[in-house]
Amino acid sequence: MPITESQPLVTRAGVRLHVRRARGADEQLLATFFSHVTPEDLRFRFLTGVRQVSRERLAAMADANDDRTESLVAFDDGGEIVATAMLAGDATRERAEAAIAVRGDRKGQGIGWRLLETLVSHARQMGYAAIEAIEDRANNEALVLEREMGFETSFVEGDPSLVRVVCRLR
């Protein structure tokens with residue numbers, strides 16, 4: 001079931017999060033969040049070298065929610081965004097793509113794992129056949145996490161720096 005109101009999530013490390021769909025009013029909060037994401041993690045999230053997330057991209061993330069897309073923000077108890085997650089599916093409900101970013105100072109606390117679990121659950125409930133992500137081959141943390149969660153890896157034709165990870169849902 002898609003998140004409509006703030007829902008509590010707790011990681012395996014005991015980190016408490018409050019997760020909800022992004023809203024248009026979150027644009028500045030998202031800008032602040034991405035200023036705390038490492039340059040390498042920005043590259044991993046957007047698969048391109050960006051130093052700063054553009055206003056257009058922030059607005060699109062804040063306003064992305066519809067019947068096939070969920071843009072989620074995860075807040076700590078202090079009200080700061082510590083992670084974002086995006087699920088974007090196709091019209092046939094065959095594939096949904098996942099993308100997650102975690103603040104550099106909040107990594108290693110199970111936040112990415114918990115958000116990916118949430119996206120897999122939502123994709124399954126929405127009837128998608130598979131959830132996938134395109135990862136930079138150097139993004140070892142994400143690739144290990146996805147393999148541990150049962151994702152299968154394959155090459156991306158034409159780009160040896162990228163890997164496709166897929167979890168079959170039905």
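Residues numbered from 1 in each chain as written. Predicted model: local features only at pLDDT ≥ 70, side-chain atom pairs only at ≥ 80, totals over all residues. Heavy atoms only, no water.

Q: Account for the overall build of the chain, naming residues and giving values.
A: When you go through the chain residue by residue, the secondary structure sums to five helices and eight strands. The helix and strand sequence of the chain, counted from the amino end, reads β-β-α-α-α-β-β-β-α-β-α-β-β. Relative to the compact-globule value of 15 Å for 170 residues, the chain shows a C-alpha radius of gyration of 15 Å, a close match. The principal-axis extent of the C-alpha atoms belonging to the chain is close to 40 × 35 × 35 Å. When burial is assessed residue by residue, the chain has 48% of its 170 residues classed as buried. Taking as baseline every contact in the chain between residues at least 6 positions apart, the subset at least 24 positions apart corresponds to 62%. Computed over 23 positive and 27 negative side-chain charges, the separation of the two mean positions in the chain equals 1 Å. (Helix = DSSP H or I, 4+ residues; strand = E, 2+ residues; numbered from the N terminus. Rg over C-alpha atoms; globule rule 2.2 N^0.38 Å. Buried < 20%, exposed > 50% of the residue type's maximum accessible area, 1.4 Å probe, protein only. Contact = heavy atoms within 4.5 Å. Lys, Arg positive; Asp, Glu negative; His and termini not counted. Charge placed at Lys NZ, Arg CZ, Asp CG, Glu CD.)

Q: Give a description of the packing of aromatic side chains that names residues and reports values.
A: Applying the stated rule across the entire model yields two aromatic pairs. Centre to centre, the rings of Phe33 and Phe34 are 4.7 Å apart; their planes meet at 70°, and the pair counts as edge-to-face. An identical accessibility class is assigned to Phe33 and Phe34; each is buried. Ring plane angle 50° and centroid distance 5.6 Å describe the contact between Phe34 and Phe46, whose orientation is recorded as tilted. Of this pair, Phe34 sits in helix H1 (residues 27–34) while Phe46 is found in helix H2 (residues 39–46), placing the two residues twelve residues apart along the sequence. Judged by relative accessible area, which is 5%, Phe34 ranks as buried. With relative accessibility at 13%, the residue Phe46 sits in the buried group. In textbook terms, an aromatic cluster arises when at least three aromatic residues are bridged by ring pairs, as seen for Phe33, Phe34 and Phe46. Its guanidinium or amino end placed over the ring of Trp113, Arg12 lies 4.2 Å from that ring's centre, counting from NZ or CZ. (Phe/Tyr/Trp six-rings, centres within 6.5 Å; stacked < 30°, edge-to-face > 60°. Lys NZ or Arg CZ within 6 Å of the ring centre and 35° of its normal.)

Q: Report on unusual backbone geometry, specifying residues and quantitative values.
A: At Leu47, a residue that is not glycine, the phi angle is positive and equals roughly 55°. When you line up the elements, Leu47 lands in the loop between H2 and helix H3 (55–62). Positive phi outside glycine occurs at Arg93, with the angle close to 65°. Here Arg93 is to be found in the loop between strand E4 (81–89) and strand E5 (95–102). Of the residues examined, Arg93 reaches a relative accessible area of 25% and is grouped as partly exposed.

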